[in-house]
Amino acid sequence: MFPLPLTCFEEYMLCDDRLSHPMVGFGRLRFSGHLDRNALEAAFSEALPRHVLLRCSIQRNRRGRPVWIEHTDWNPGVEWCTANGEREFPQSSRADIGNAPGTRLWAIDRGPGHDLILQVHHCAADATGISQVMEDLLIGYALRRGGAPDVAVLPPMDTQRLQRRGTPGLTPLRWLGMAHRQAVGLLGVREFLSRRPVPLMGTKVPFDESSPPESFPCPRIVELEAEETGRLLAVAKTLGATVNDLLMRDLFLALTAWRAELSLGSDQDWLRVTVPMNLRTPADVCMPMANSVSMVFADRRGMDASDPSILLDGICRQMNLIKKCRLQYTFLASLAAARRLPGGLASRTRAEVVQSTSCFSNIGVALARTPLPRREGRLVAGDVELESVDFVIPLRPHLHGAFCAYTYAGRLRILLHHDPRAMADDLAEGLLDRFLRQIRQTLAAGR
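Summary of the structure given here. (Residues numbered from 1 in each chain as written. Predicted model: local features only at pLDDT ≥ 70, side-chain atom pairs only at ≥ 80, totals over all residues. Heavy atoms only, no water.)

1. So, the environment of Pro206
Link 1 in the chain: Along the polypeptide, Pro206 turns up in the loop between α4 (172-194) and β8 (219-223).
Link 2 in the chain: It is 42 Å that separates the C-alpha atoms of Pro206 and His34, two residues lying 172 residues apart in sequence. (Helix = DSSP H or I, 4+ residues; strand = E, 2+ residues; numbered from the N terminus.)

Right, dumping it as structure tokens:
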């Protein structure tokens, strides 16, 4: 199977990878209790060949096309360290995936327990892919510590499915069947090209192109109580919306209010939120870790936030149309076309272009299918209990903040990854707090 050609989306991510804005994602498992070193390292060594892109680099073939190259004897091991009181994530930088795989795993002793932090190049994995690896680590560790039930086994992996990871649910016949629906996406393409979204901070902020910020990555996290999370589901159902639609509406309301408080721009500015969409089908549950997503875009202006009900209705209609016409493939089709034009995909990732105001990735329920015992909704892996799960998605130039939402142990968590070169820590905390307050206002109104 190797060398394995990159998909259009992977090559797009590769072109958007910069020293100043590393195209890497992070997953964090926070435990109460300390991990056994031998058991964890053995579980990691077992996961590497199961998820082969963890140990792959990207090289150019004879035709100059980027391909995945597997390094079968590569094992980076686990980096064991003690927590730095000033930051929760280890300082990281760009992963030079052209010379070596981009995978790192830290076990950080923070006192009451360990944090396990996995870094993967975004070409190789999306959040779902990172979740698969984290699940393997949990199960593999539990099996070695004697705390796994009989049903806890590592799920089977079919490496051959990686060959269709770019469009796993789209056969040539299905493409022909939905081609006429893709015409609807042409209107969206025209709007995408004609509108000029603004950065979160209102203007482009200069940055050092030779390195990421010293504090990279820079996440901020808030969490709803379990009772609030349950009410959010009920309110969305009452309003005839999905939780994702409702959170997107509240994000636009929060962004608009926050920008107005800081006198950033005007209510005529276009705010564009990028929304990643998982392409996997139920049959792809055995596909190893990969990047199998596309992106859709929601554009709204500050003036659109004047009526929250109309704003929600518009988001619902847009997302329903995307699902009905499968418009998540429109972006991939545009990448395939750009790949063949002069300049290739690099022309789509120019640093000076503001592609989006923000990003909102809703992962859903994290580790929902992991076959390990639970204590009050929290997974128990041998001698440790998993307190929380977090995901940090990458930033690009002039994308000053990106949001990720996920639920674990019945609680919704929202993480904001921000660029401190453009948005100071207190401003990032204020924005995230504004989003949380908006969600609670929605819950109060729904009651």
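Back to the text.
2. What to know about helix α2 (residues 37-50)
Link 1 in the chain: Taking 1.5 Å as the rise per residue, α2 with 14 residues should run 20 Å; its terminal C-alpha atoms sit 21 Å apart, in good agreement.
Link 2 in the chain: Close packing links the buried residues of α2 with β5 (79-82), β6 (104-109), β7 (114-121) and α3 (127-145).
Link 3 in the chain: Its side-chain oxygen at 3.3 Å from the backbone nitrogen of Asn38, Asp36 defines the N-terminal cap of α2. (Expected span 1.5 Å × (residues − 1). Contact = heavy atoms within 4.5 Å. Polar contact = N/O pair within 3.5 Å; in protein donor to acceptor, adjacent residues only side chain to side chain.)

3. Observations concerning the sheet that holds strand β4 (residues 66-70)
Two modes of strand pairing occur in sheets, parallel and antiparallel, and in both the strands are linked by backbone hydrogen bonds.
Link 1 in the chain: Here three strands make up an open sheet; going across it, the order is β1-β4-β3 and the pairing antiparallel. Edge strands, defined here as strands with exactly one partner in the open sheet, are β1 (4-5) and β3 (56-60).
Link 2 in the chain: Taken together, the two bridges between β1 and β4 define a ladder with antiparallel strand orientation. Looking at the pairing, Pro5 lines up with Val67 of β4.
Link 3 in the chain: In this fold helix α1 (residues 8-15) packs onto β1, β3 and β4, with an angle of close to 95 degrees to the strand it touches most, β4. (Pairing = 2+ DSSP bridges. Axes fitted to C-alpha atoms, helices over the stretch in contact; angles between N-to-C directions.)

4. A few points about the pattern of salt bridges
Link 1 in the chain: According to the stated counting rule, one finds 40 salt bridges in the structure shown.
Link 2 in the chain: Of the charged contacts, one joins Arg18 and Asp16 as a salt bridge, the two residues approaching to 2.6 Å between their closest N and O atoms.
Link 3 in the chain: In this structure Arg18 comes out as buried when scored by relative accessible area, which is 16%.
Link 4 in the chain: The salt bridge involving Arg378 is made with Glu385; its shortest N-O contact spans 2.6 Å. (Salt bridge = Lys/Arg side-chain N within 4 Å of Asp/Glu carboxyl O. Buried < 20%, exposed > 50% of the residue type's maximum accessible area, 1.4 Å probe, protein only.)

5. Some details on α1
Link 1 in the chain: Of all eight residues making up α1, six are buried, and the element is well covered by its neighbours.
Link 2 in the chain: Where α1 is concerned, the buried positions are Cys8, Phe9, Glu10, Glu11, Tyr12 and Met13.
Link 3 in the chain: In this structure, the buried residues of α1 make contact with β1, β4, β10 (293-301) and α8 (328-339).

6. Digging into the sheet that holds β10
Link 1 in the chain: Pairing is mixed in the open sheet, where six strands are placed in the order β8-β16-β15-β11-β9-β10. Here the strands that pair on one side only, and so sit at the sheet edges, are β8 and β10. Averaged over all pairs of adjacent strands, the angle between their axes in this sheet comes to 20 degrees, without regard to strand direction.
Link 2 in the chain: Both β8 and strand β16 (residues 411-418) contribute to a ladder of five bridges, which runs antiparallel. Across the sheet, residue Ile221 finds its bridge partner in β16, namely Leu415.
Link 3 in the chain: Against the sheet, helix α6 (residues 243-261) makes contact with β9 (270-278), β10, β11 (358-365), β15 (401-408) and β16, and its axis sits at roughly 150 degrees relative to β9, the strand it touches most.

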